[in-house]
Structure formats: structure tokens, C-alpha cells
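One letter stands for each residue in the lines below.
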Amino acid sequence: MDDPRRRTPRTDAVLADARVLAAAGRLGRARTKAVVVEVLEDCRRGDVAPEDVVEATLARLPRSTVSMRQVLNATGVVVHTNLGRAPLSAAAIEALRTAAGPTDVELDLATGRRGPRGAAALAALAAAVPDAAGVHVVNNGAAALALVACALASSADGPGREIVVARGELVEIGDGFRIPDLLESVGARLREVGTTNRVRLSDYAAAVGERTAFVLKVHPSNFRVEGFTSAVPVADLAGLARESDVPVVVDIGSGLLAPHPRLPDEPDAATCLAAGADLVTASGDKLLGGPQCGLLLGRGDLVESLRRHPFARALRVDKLTLAALEATLTGPTPPVPEALAQRPEELLTRARRIAQGLNAHAGADVAEAVCSAGAVGGGGAPGVTIQSAAVALPAGLADPLRSAETPVVGRVHDGRLLLDLLAVPESEDEALTEAVRRLIADA
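Keep in mind that this is a model prediction, so the values were computed, not measured.

(A) A look at the overall build of the protein. When helices and strands are tallied, the protein shows 18 helices and 17 strands. Here the protein, with 443 residues, has 45% of them falling under the buried criterion. Counting contacts in the protein only where the partners sit at least 6 residues apart, residues at least 24 apart contribute 72% of the total. Carbon and sulfur atoms make up 51% of the accessible area of the protein, which amounts to about 21,900 Å² in all. With 47 positive and 55 negative side-chain charges, the protein shows a separation of 4 Å between the mean positions of the two kinds.

(B) Molecular detail of the pattern of salt bridges. Tallied over the full model, the rule gives 33 salt bridges. Residue Asp429 pairs with Arg350 through a salt bridge whose shortest N-O separation is 2.6 Å. In this pair, Asp429 sits in helix H18 (residues 429-442) while Arg350 sits in helix H16 (residues 344-362), placing the two residues 79 residues apart along the sequence. Connected through salt bridges with shared partners, the residues Glu38, Asp42, Arg45, Asp47 and Arg60 form a single ionic network.

(C) Region of interest: the pairing of strand S4 (residues 134-138). For S4, the buried fraction is high: 5 of the 5 residues fall into the buried class. Examined bridge by bridge, S4 and strand S12 (residues 294-298) share 5 bridges and lie antiparallel to one another. Directly across from Gly134, in S12, lies its bridge partner Gly298.

(D) Inspection of the sheet that holds strand S10 (residues 248-253) at higher detail. In space, the 7 strands of this open sheet follow the order S4-S12-S11-S10-S9-S5-S8, with mixed pairing throughout. What marks the edges here is a single partner per strand, and that holds for S4 and strand S8 (189-193). If you compare each strand with its neighbour and ignore which way they point, the axes differ by 25° on average. Relative to S10, strand S9 (residues 212-218) runs parallel, the two sharing 4 bridges. Within the sheet, the bridge partner assigned to Val215 lies in S10 and is Val248. Across the sheet, helix H10 (residues 234-244) is in contact with S9 and S10; its angle to S10 comes to roughly 155°.

(E) Inspection of unusual backbone geometry at higher detail. Positioned with a positive phi, Asp245 is a non-glycine residue whose angle comes to about 60°. Tracing the chain through its elements places Asp245 in the loop between H10 and S10. The phi dihedral of Asp414 is positive, around 50°, even though this residue is not glycine. Examined against the element boundaries, Asp414 turns out to sit in the loop between strand S16 (411-413) and strand S17 (416-420).

(F) Structural detail: the packing of helix H6 (residues 119-128) against helix H14 (residues 319-330). Look at H6 against H14: their axes get within 8 Å of each other, and the N-to-C directions meet at 35°. Here H6 and H14 pass one another in a crossing that is left-handed. Contacts between H6 and H14 pair Ala120, Ala121, Ala124, Leu125 and Ala128 from the former with Leu322, Glu326, Leu329 and Thr330 from the latter. Of the residues contributing to the contact of H6 with H14, the split by class is 7 nonpolar, 1 polar and 1 charged.

(G) Up close: the sheet that holds S17. Reading across from one edge, S13-S14-S17-S16 is the order of the 4 strands in this open sheet, with antiparallel pairing throughout. Both outer strands of the open sheet, strand S13 (368-374) and S16, are each paired with one neighbouring strand and no more. Strand-to-strand, the axes of this sheet are offset by a mean angle of 45°, without reference to chain direction. Where H16 meets the sheet, it contacts S13 and strand S14 (386-394), and its direction lies at approximately 10° from that of S14.

(H) Representation of the packing of helix H5 (residues 90-99) against H14 in the model. Two numbers describe how H5 lies on H14: the axes approach to 8 Å, and their chain directions differ by 145°. Regarding H5 and H14, the two cross each other, and that crossing is right-handed. Of the residues in H14, those touching H5 at Ala91, Ala92, Ala95, Leu96 and Ala99 are Lys319, Leu320, Ala323, Ala324, Ala327 and Thr328. The class makeup of the residues in the contact of H5 with H14 is 9 nonpolar, 1 polar and 1 charged.

(I) Expanded view of the packing of aromatic side chains. Tallied over the full model, the rule gives 0 aromatic pairs. The ring centre of Phe228 lies 4.0 Å from the NZ or CZ of Arg198, which sits over that ring.

(J) Up close: the layout of surface pockets. What the largest pocket holds in volume is close to 1,400 Å³. For the largest pocket, the lining is made up of 41 residues, of which Gln70, Ala86, Pro87, Leu88 and Ile93 are closest to its centre. Contributions of two or more residues to the lining of the largest pocket are made by strand S1 (72-73), H5, H14 and helix H15 (335-340). Of the voids in this model, the second largest pocket is the one considered here, and its volume is about 890 Å³. What lines the second largest pocket is a set of 35 residues, among which Lys217, His219, Pro220, Ala231 and Asp265 lie closest to the centre. Contributions of two or more residues to the lining of the second largest pocket are made by S9, S10 and helix H11 (269-274). Here the element with the most residues in the lining of the second largest pocket is S10; it accounts for 3 residues. Grouping the constituent residues of the lining of the second largest pocket by class yields 19 nonpolar, 8 polar and 8 charged.

(K) Here's a closer look at helix H7 (residues 141-153). Between the first and last C-alpha of H7 there are 18 Å, a value that for 13 residues agrees with the 18 Å anticipated at 1.5 Å per step. Of all 13 residues that make up H7, 11 are buried, and the element is covered over most of its length. Turning to H7, its buried residues number three or more, namely Gly141, Ala143, Ala144, Leu145, Ala146, Leu147, Val148, Ala149, Cys150, Leu152 and Ala153. The N-terminus of H7 is capped by Asn140, whose side-chain oxygen sits 3.2 Å from the backbone nitrogen of Ala142.

Cut-offs and rules
Residues numbered from 1 in each chain as written. Predicted model: local features only at pLDDT ≥ 70, side-chain atom pairs only at ≥ 80, totals over all residues. Heavy atoms only, no water. Helix = DSSP H or I, 4+ residues; strand = E, 2+ residues; numbered from the N terminus. Buried < 20%, exposed > 50% of the residue type's maximum accessible area, 1.4 Å probe, protein only. Contact = heavy atoms within 4.5 Å. Areas by Shrake-Rupley, 256 points an atom, 1.4 Å probe, with all protein chains shown as cover. Lys, Arg positive; Asp, Glu negative; His and termini not counted. Charge placed at Lys NZ, Arg CZ, Asp CG, Glu CD. Salt bridge = Lys/Arg side-chain N within 4 Å of Asp/Glu carboxyl O. Pairing = 2+ DSSP bridges. Axes fitted to C-alpha atoms, helices over the stretch in contact; angles between N-to-C directions. Left-handed = near helix turned anticlockwise from the far one by under 90°. Nonpolar A, V, L, I, M, F, W, Y, C, P; charged D, E, K, R; others polar. Phe/Tyr/Trp six-rings, centres within 6.5 Å; stacked < 30°, edge-to-face > 60°. Lys NZ or Arg CZ within 6 Å of the ring centre and 35° of its normal. 1 Å grid on protein atoms, 1.4 Å probe; cavity = no way out; pocket = protein on both sides within 12 Å on 5 of 7 lines; lining within 4 Å. Points joined across faces, edges and corners; volume = space filled by probe spheres on them. Expected span 1.5 Å × (residues − 1). Polar contact = N/O pair within 3.5 Å; in protein donor to acceptor, adjacent residues only side chain to side chain.

Shape is all these values report; function is a separate question.
Here it is, written out as C-alpha cells:
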């Protein structure tokens, strides 16, 4: 009797198949060959029929060379840290393609000589914040604050100079990283003032002295203290600092460059600088809606000293970040500001349309359009609720949707899965609907 395993195709024959060749061009020959070898072993064991080897190989090959998968953010959280924070605009994505090859990032094409690195991106940032006489970009928000502490407060000869900061602003920024640990790690010393819930200008005045490097104000962006509280405005700190000849540094965290009507209590760079802050630090991948980076804005002499500090080299951003940041600042409105501008009634109209389509497909009422409450996320505007709308589905669909061909991440609330549309562009409504349709068809 003929043993079908004897008909197991050769490795080179499988690799020569047109579809496998195309996959190898996309994924690399080594990775593709490893899967072919694996499938051929299964064929020899009798687990895969010889005539099915190519199909089995194609089925096992990964979708792309990276393990990350694009998902639909239907959580209602606009800047979702676990989903990579700010999604980039189409203009920023196109800028990444341009920057991926050889570029003039540090070359003056007119003279053929070395040019200023990222000059156009920095010019765009300066134009977006006219109150900043100097601007600089590093690789994330924590790095921006660390560079300030390293340059202004650390000392190679022993204990560094003091950073005066309110106790209630010594925050933990996520994954166990704490602001005081970050500052002390670069050699600075902290001089804590006030109590957890209350601090006065007199507390700062009593602490500022010969050892003071700067006064730091940190926006407690991922929590909110209510009740018997008090804080000192930036303008008052600036007045004290001028008398004592020390700078005021404000870490606003979320990267809001100018006031936003839906976020009246969120600090922004322009307002802080106008109030007298000498330096403002922020993240670029939150409310600004750009790539991960840290922004330094403020006095020209201070920013220049930071840019020239040796530690700044370790925090330098690459050409991809510079390109995406420039496109974010100069191009069309990025997805994060777009989401914050969404009108709840328009979101509800979209939710009703999606729910009606799903119910018609299922022949039953499996979906319902409901009002919902979204959030900024990413450590921005804690406690602020953003009116939104969602498609409510059975809670049992949550896990299968996350594992779908197009993963959809929602949230389970009161026993139902809510697919909130706040952070879902209208152009993705059909993809979201199709992902749910497939699950309903398979049920």
C-alpha cells in the first residue's frame, strides 16, 4: 500500500511555490523556511496531507514581520497607554515613510554641508508655542524632566542642588516609575514643601535658598485630590522665583500646547509660559497627538544649555520622531484632537447605524446604541468625563473580538460589552461592524 508520507514534497519545491515566494519576500526567507520545515515534519508524521503542505504553510505564516497588531480602540479612552497612546495622523504616517530612507535630517542640500538637526520640526514646535523663546525635543516626557534635573541640579562633586517641590506633586507616573526616584537618579536632591493636600506660597518661600536649583511644579495628571486642598499658581511661583533668582519648571505632562475648551482645568504650555514659567516639559504622544517624545519649551538661554548638555545626547530623538512631530504640528488635525472634538449626538447616530446593521444581519436584536462616558486617558484630565456613544453587545463577545482578525478592544460595563466610538474614526465603522458580523455568523 502506498504510504502518502512518501509523497512529502521537498523543501525547495515548497519554497518555489509562487505564494510561498511572495510570503518570503514579505517576511524573509529564513522565517518562511522555518515554517515550511515545521509543516513538512507534520506531513511526515501524517498530520498534514502532502497536497495540503502549501496551504498549511501559508496558514501558519505570520501576518507581518512584527508581532504588534493594529487594533480598533473602542474603549472610550482617547489616549490609551496600553494601546500605544496617541494614534498618528495620516500626514505623520506618510512622514514616517519619507523619513525611513536616506534624508537630509542633518544635511544642508544647498551647501552640501552639515545642517542643524531637525530644524523644521523645531521651527514648527516654536510656531505652535510662540511664548517659548527656545524649544527642544527628547525621547519622552520623563526624559525631558530628567534632563532639566541633570543639567540644573546634579553635581559631580557630591550631593546635587535642591529641587523645591510640593509633597502632593511627587507622583507615580505608571508602571511603578515615580517622579522623585527619576529626579534623584540623576543626582538631584529634593526639598519637599507643604503637605499631601495643601501647599502655600510661604512654604516655597521658606525652602528657597542658596542650594535651590529650581522650583518644580508637577501636574498630578493621573489622579485628582478633592476637598480640603490648596496649591500655588504658576504666576505666584514665578514672582517668588524672580525675587530669588531661581527658575520655575512646570511639568504639565499631557502635552496640551494651548487651552482646550473641553478641558478647562488641564494645564497647557502657552498659559504656563505666559504666567512666568521659565521651562515647561511635556509629552508629545498624549494630547498633542504626535509621536512619543518629550518637549522642552521656555527661556532661550535655559533651553540652549539643556540642548548642549552631554546628557542630551543620550536622549536624542531619531529622524522618524522628528518627521512625525513636524507633520503632527503642521498637518491636518491629528486623531486625538479630532476625538476630543466629536459631538455626542453624531456619535450616537453612528452607533445607531452600526447597531441596526448588526441586528439586520443577525435577524435578532443583538446590538443597541447607547450613550456612554469616555475619558482622555494617558494621564490627562483625570476625572473629566467626555460624553460619547457606544454599541452595546453581549459581554461574551469581548474576548473573541480581541482575538478577531481585526482586533476590537471595548470595555465591559454593567454586564454588557460597550464598543465606544469616541476614539474610533468614522472611516473604521465598517471594519468594526464586519468584525462583529463574523462573530455573529460563527456563533
